[in-house]
Amino acid sequence: MKADVLLGLQWGDEGKGKIVDVITPEYDIIARFQGGPNAGHSLAFENTKIVLNTIPSGIFRENAQNIIGNGVVIDPITLQKEITKLLELGVPVADRLYISRKAHLIMPTHPVLDAAYERAKGDNKIGSTLRGIGPTYADKIGRSGMRVGDLMSANFKDTYKQIKEKHLQTLRLLNYDDPELELKEARWFEAVAFLSAYKTVDSELMINQALKAGKKVLAEGAQGTLLDIDFGSYPFVTSSNTITAGACTGLGLAPQRIGEVYGIFKAYCTRVGSGPFPTELHGEAGEELRKLGHEFGATTGRPRRCGWIDLPALKYAIMLNGATALIMTKSDVLSGFSEIGVCTHYETAEGLTDILPFDLADAKPLIKMLPGWKQDLTGMSSADQLPAELKDYIAFLEAQLEVPIKVVSVGPDRSQTLFR
Ligand code: GDP
Ligand code: IMO
Ligand code: MG
């Protein structure tokens, strides 16, 4: 068998959590492969609404095994909070959750470093979620990180102290002090003890053995392609590979083991944090999208910047990921707009191009306006019921993107999902 991948084609928050939850019944294993608690994946069904940060979005389904892969960075404190929330909802987490021994740990000093680096950047700050993601991946690549499996080693506390001391030196250089660090450290060790009751595994072996035995695996991306460390709007990106290749390194999957790649995007576009966003709407339309789409960060509550869909960016993302099918979410949010904007090209000194420019900060998008629709989509139960203008919008996107849109999401709930 091959593993399927579902990942974001924009700047994150495309609705990955919702769709993974919807399609989990088709899978035996759901695995996160990168990112960490910077992610916020919202699920909604039967009066339950929840945001997951580290735990895969298959956790609510009875027969799925959920893996936090080696490519993920884990904050024990956040993970404990997530588990506690799920236990309160009656989810038997210990039966369904598997944590990679090779996943790196976010230490209490990592988020403090994140905050110190952001302060030092001043106006050029990334707009990080301040969850310690960048500093943790930096330690991983710098070969001085700590992994879940290292918690079992006899000299774990010594290693911890050494890394912490190195972090404190940096913080002193940056003249940054967190008076709550000791408290956070105590909480961290409590959380580590709490997590010792959960299964740790060599997830690369577990996944490859499962595929060999004919089981179905879905890799769940976090963030989005335009936040990828190599191909996103650098330096305003996250610190991991968010693209399909990240599923290979983040789970131990050989490239030929990748099957379907589901690329998910919003019918418009959002971004949270700093960095260029060429199709951003600064006026009333942007405000309207934010209001109607409830565009506030699932993790940090920050208002998301809103704008029109960007086809050169989507084409680039589809190419990088090898997307085989597309999923469009939040179409319902566009109901009532008399016209819908689509960026089809960028204007450059050499003329029009549908290739995403290197420097997005000065990029000039060309926006084509398409007719909107008035109908409320949220109660629709079949793609046939969609208004003609939306069907035309979908046909236009499919022609441009050259990949079929197989799912149209018309609301946050599991049930508000139309398959084509
Ligand atoms: P993720 O990070 O990709 O999982 O996405 P988030 O959960 O951060 O953000 C998506 C938001 O949109 C959440 O509040 C979802 O409940 C909501 N959502 C998902 N799909 C739809 C949809 O089709 N329509 C509407 N109106 N909301 C949706
Ligand atoms: P999900 O999985 C949207 C953004 C931050 C910031 C940049 C770097 O819910 O789609 P980091 O905390 O990684 O140092 O932040 O990336 N960012 C996200 N934006 N959705 C996310 O995750 C994000 N994770 C990080 O806002 O601009
Ligand atoms: Mg999110």
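Residues numbered from 1 in each chain as written. Chains lettered and ligands numbered in written order. Predicted model: local features only at pLDDT ≥ 70, side-chain atom pairs only at ≥ 80, totals over all residues. Heavy atoms only, no water.

**Concerning the overall build of the protein chain**
Then, in step 1: Looking only at helices and strands, the protein chain has 12 helices and 20 strands in total.
Then, in step 2: In terms of overall size, the protein chain behaves like a compact globule, its C-alpha atoms giving a radius of gyration of 21 Å where 420 residues would be expected to give roughly 22 Å.
Then, in step 3: The buried share of the protein chain, taken over its 420 residues, is 55%.
Then, in step 4: Sequence separation of 24 or more characterises 77% of the internal contacts of the protein chain that already satisfy a separation of 6 or more. (Helix = DSSP H or I, 4+ residues; strand = E, 2+ residues; numbered from the N terminus. Rg over C-alpha atoms; globule rule 2.2 N^0.38 Å. Buried < 20%, exposed > 50% of the residue type's maximum accessible area, 1.4 Å probe, protein only. Contact = heavy atoms within 4.5 Å.)

**Section: the nonpolar core**
Then, in step 1: Counting 58 residues, the largest nonpolar core has Phe 265, Leu 326, Met 328, Leu 334, Leu 386, Tyr 393 and Leu 397 as its most contacted members.
Then, in step 2: Broken down by element, the residue count for this core peaks at 6 residues, all from helix 12 (residues 388-401).
Then, in step 3: Ile 50, Ile 83, Met 146 and Tyr 198 belong to the second-largest nonpolar core, a separate cluster that totals 31 residues. (Core = buried A, V, L, I, M, F, W, Y, C linked by side-chain atoms within 4.5 Å.)

**Description of the site of ligand 1**
Then, in step 1: Inspection of the region around ligand 1 gives 19 residues, with Lys 16, Gly 40, Ser 42, Asp 332 and Ser 409 positioned closest.
Then, in step 2: Glu 14 places a polar main-chain atom, nitrogen or oxygen, 3.1 Å from an oxygen atom of ligand 1.
Then, in step 3: Considered on its own, ligand 1 offers 590 Å² of accessible surface; in the complex 90% of this is hidden by protein.
Then, in step 4: The site holding ligand 1 turns out to be the second largest pocket.
Then, in step 5: Of all the elements in the fold, those that place two or more residues in the shell around ligand 1 are helix 1 (16-23) and strand 3 (41-45).
Then, in step 6: At 3 residues, helix 1 tops the list of elements feeding residues into the shell around ligand 1. (Near = heavy atom within 4 Å. Polar contact = N/O pair within 3.5 Å; in protein donor to acceptor, adjacent residues only side chain to side chain. Areas by Shrake-Rupley, 256 points an atom, 1.4 Å probe, with all protein chains shown as cover. 1 Å grid on protein atoms, 1.4 Å probe; cavity = no way out; pocket = protein on both sides within 12 Å on 5 of 7 lines; lining within 4 Å. Sits in = over half its atoms within 2 Å of the grid points.)

**Some points on helix 11 (residues 311-321)**
Given 3.6 residues per turn, any residue in an α-helix points the same way as the ones three and four places further on.
Then, in step 1: Among the residues making up helix 11, those that are buried are Leu 311, Pro 312, Ala 313, Leu 314, Ala 317, Ile 318 and Asn 321.
Then, in step 2: Its side-chain oxygen 3.0 Å from the backbone nitrogen of Ala 313, Asp 310 forms the N-cap of helix 11.
Then, in step 3: In the stretch just after helix 11, Gly 322 is the one whose phi turns positive, near 65°.

**Observations concerning the pattern of salt bridges**
Then, in step 1: All told, the structure shown has 21 salt bridges when counted by the stated rule.
Then, in step 2: Measuring nitrogen to oxygen at the nearest pair gives 3.0 Å for the salt bridge that ties Asp 13 to Arg 304. Of this pair, Asp 13 sits in the loop between strand 1 (3-8) and helix 1 while Arg 304 sits in the loop between helix 10 (284-292) and strand 13 (305-307), and the two are 291 residues apart along the sequence.
Then, in step 3: Taking relative accessible area as the criterion, Asp 13 reaches 23% and is therefore assigned partly exposed.
Then, in step 4: Its relative accessible area of 7% is what places Arg 304 among the buried residues. (Salt bridge = Lys/Arg side-chain N within 4 Å of Asp/Glu carboxyl O.)

**Describing the site of ligand 2**
Then, in step 1: Asp 13, Lys 16, His 41, Thr 129 and Thr 238 are the nearest of the 20 residues found near ligand 2.
Then, in step 2: A distance of 2.8 Å is found between an oxygen atom of ligand 2 and a backbone nitrogen or oxygen belonging to Asp 13.
Then, in step 3: A distance of 2.9 Å separates an oxygen atom of ligand 2 from a polar atom in the side chain of Asn 38.
Then, in step 4: Tallied by class, residues from the shell around ligand 2 come to 7 nonpolar, 10 polar and 3 charged. (Nonpolar A, V, L, I, M, F, W, Y, C, P; charged D, E, K, R; others polar.)

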